[in-house]
Amino acid sequence: MKSILLSAVCGLALTGTALAQDVTLRASHQFPGGKGDVRDEMVQMIARDIEAANVGLKMQVFPGESLFKASDQWAAVTKGQVDVTAFPLDYASGRHPEFSATLMPGLVGNHERAARLNDSAFMESIKGSIDKAGAMVLADAWLAGGFVSSKNCITTPDSAKGQTLRAAGPAFEQMLVGAGASISSMPSSEIYTAMQQNVLQGASTSSGSLVSFRIYEVATCLTAPGENALWFMYEPVIMSKRSFERLSKEQQDALIAAGEKAEAYFAEEAPKLDEKLIEAYKEAGVEVIEMSKADYDAWLAVAQETAYKEFAEKVPNGQKLIDDALSVE
């Protein structure tokens, strides 16, 4: 009988049915599992908490792209092929251009402002798009990030000229091209190999990924976030609405509570990631610098003439999204 019921929901990641109490969710993400990556720990925390709630709900976590490749996770979660993912939202900007606003150079600036953005009109619009696509946010998460290079330190826009760099999304790519760099697009999980093989000379990504993927082994200089953090990315834990709606009210409540707890944990840990980043790179013998305010302003000027301008012109309500984000004190 159980096999008949399961076959009736073939193509869904959720195991179990509305008639069965016990349900096992599947969670997928690209980050290393069990090695201290805070995004993996968010998902593992949710898994532990929902099982401890004793509502017939468990979650199996598949880290390190072991279930879906990074680029495939958005389609998988919105279609219900996987139940939960920790996902850099800008990776889906090819399908939803408005998501590029969640990795817009200089739009966030610091961790305190990132926390305030979560309850803003800006994020209400972004989450509205997530909802329409068939997913929902279980836990907000913003990470600061920086630049690495095996050629020369990236400080001013001029310092990026002649380097082939990886940027996480269209907005940063447009800014870097405007500064004279070449671009090679890929998930953060592929940066190490690309720099090792000199396909890339450098990259921008989150503090968490710069450490978790051991990029310090192939870099000679790190531009850390510091007081002038140009790079901030929204990487929430999201869930398939189709999967969520198949759960009982008690199971849904347990998931929501677990997500809130994971979000609070992440908010506390995120600033520490920047400190761990600097420690890891110095320990590896990599030169560590920070952008000056003048460097930051020079990059922002390039971004406003490239990424900001194109986003406002080509994305529906693009200028309003930017204005809503900038209006958050």
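Quick caveat, the model's predicted, so the values are computed rather than measured.

Rules and cut-offs
- Residues numbered from 1 in each chain as written.
- Predicted model: local features only at pLDDT ≥ 70, side-chain atom pairs only at ≥ 80, totals over all residues.
- Heavy atoms only, no water.
- Core = buried A, V, L, I, M, F, W, Y, C linked by side-chain atoms within 4.5 Å.
- Buried < 20%, exposed > 50% of the residue type's maximum accessible area, 1.4 Å probe, protein only.
- Helix = DSSP H or I, 4+ residues; strand = E, 2+ residues; numbered from the N terminus.
- Pairing = 2+ DSSP bridges.
- Expected span 1.5 Å × (residues − 1).
- Arc of directions from axis to C-beta.
- Contact = heavy atoms within 4.5 Å.
- Axes fitted to C-alpha atoms, helices over the stretch in contact; angles between N-to-C directions.
- Parallel < 35°, antiparallel > 145°, perpendicular 65-115°, else oblique.
- Left-handed = near helix turned anticlockwise from the far one by under 90°.

Visitor: Can you walk me through the nonpolar core in this structure?
Guide: For soluble globular proteins, nonpolar side chains are generally found buried alongside one another. In terms of nonpolar packing, the biggest core is built from 56 residues, with Trp74, Phe122, Trp142 and Trp299 touching the most fellow members. Of the residues forming this core, the biggest block, five residues, is contributed by helix α11 (residues 293-305). Leu25, Val43, Tyr192 and Val286 belong to the second-largest nonpolar core, a separate cluster that totals 52 residues.

Visitor: Could you clarify how one ought to interpret the pairing of strand β1 (residues 23-29) in this entry?
Guide: Along any regular strand, the residues point their side chains to alternate faces of the sheet. For β1, the tally of buried residues reaches five of seven residues, placing the bulk of the element in the interior. With six bridges joining them, β1 and strand β2 (residues 57-62) adopt parallel strand pairing. Counterpart to Ser28 in the pairing with β2 is Phe62. In the sheet, β1 pairs with strand β3 (residues 84-86) via three bridges, with the strands oriented parallel. Each residue of the ladder has a partner; that of Ser28, found in β3, is Thr85.

Visitor: Please explain helix α5 (residues 121-133) as it appears in this structure.
Guide: Because each turn of an α-helix spans 3.6 residues, side chains separated by three or four positions in sequence point in the same direction. Under the 1.5 Å per step criterion, the end-to-end length of α5 is 19 Å for 13 residues, consistent within 8% with the ideal 18 Å. Phe122, Met123, Ile126, Ser129 and Ile130 are the residues of α5 that are buried. For α5, the arc enclosing every buried residue in end-on projection is 120°, short of the 170-degree limit, so these residues lie on one face. Among the exposed residues of α5, those oriented more than 90 degrees off its buried face are Glu124 and Lys132. Each element contacted by the buried residues of α5 is listed here: α3 (73-78), α4 (111-117), β4 (135-139), β5 (142-149), β10 (231-234) and α13 (318-326). The positive-phi residue at the C-terminal boundary of α5 is Gly134, with phi of around 105°.

Visitor: Which parts of the structure should I look at to understand the packing of helix α2 (residues 38-52) against helix α10 (residues 249-283)?
Guide: Axes are the key here: two packed helices are described by the angle between their axes and the distance separating the axes. One can describe the packing of α2 onto α10 by two numbers: an axis separation of 9 Å at closest approach and a directional angle of 150°. Comparing their axes, α10 and α2 come out roughly antiparallel. Considering only the axes of α2 and α10, their crossing is right-handed. Along the contact surface, α2 presents Val38, Arg39, Glu41, Met42, Met45, Ile46, Asp49 and Ile50, while α10 presents Ala254, Leu255, Ala258, Gly259, Lys261, Ala262, Glu263, Tyr265, Phe266, Glu269 and Leu273.

Function cannot be inferred from these measures alone, as they are strictly geometric.
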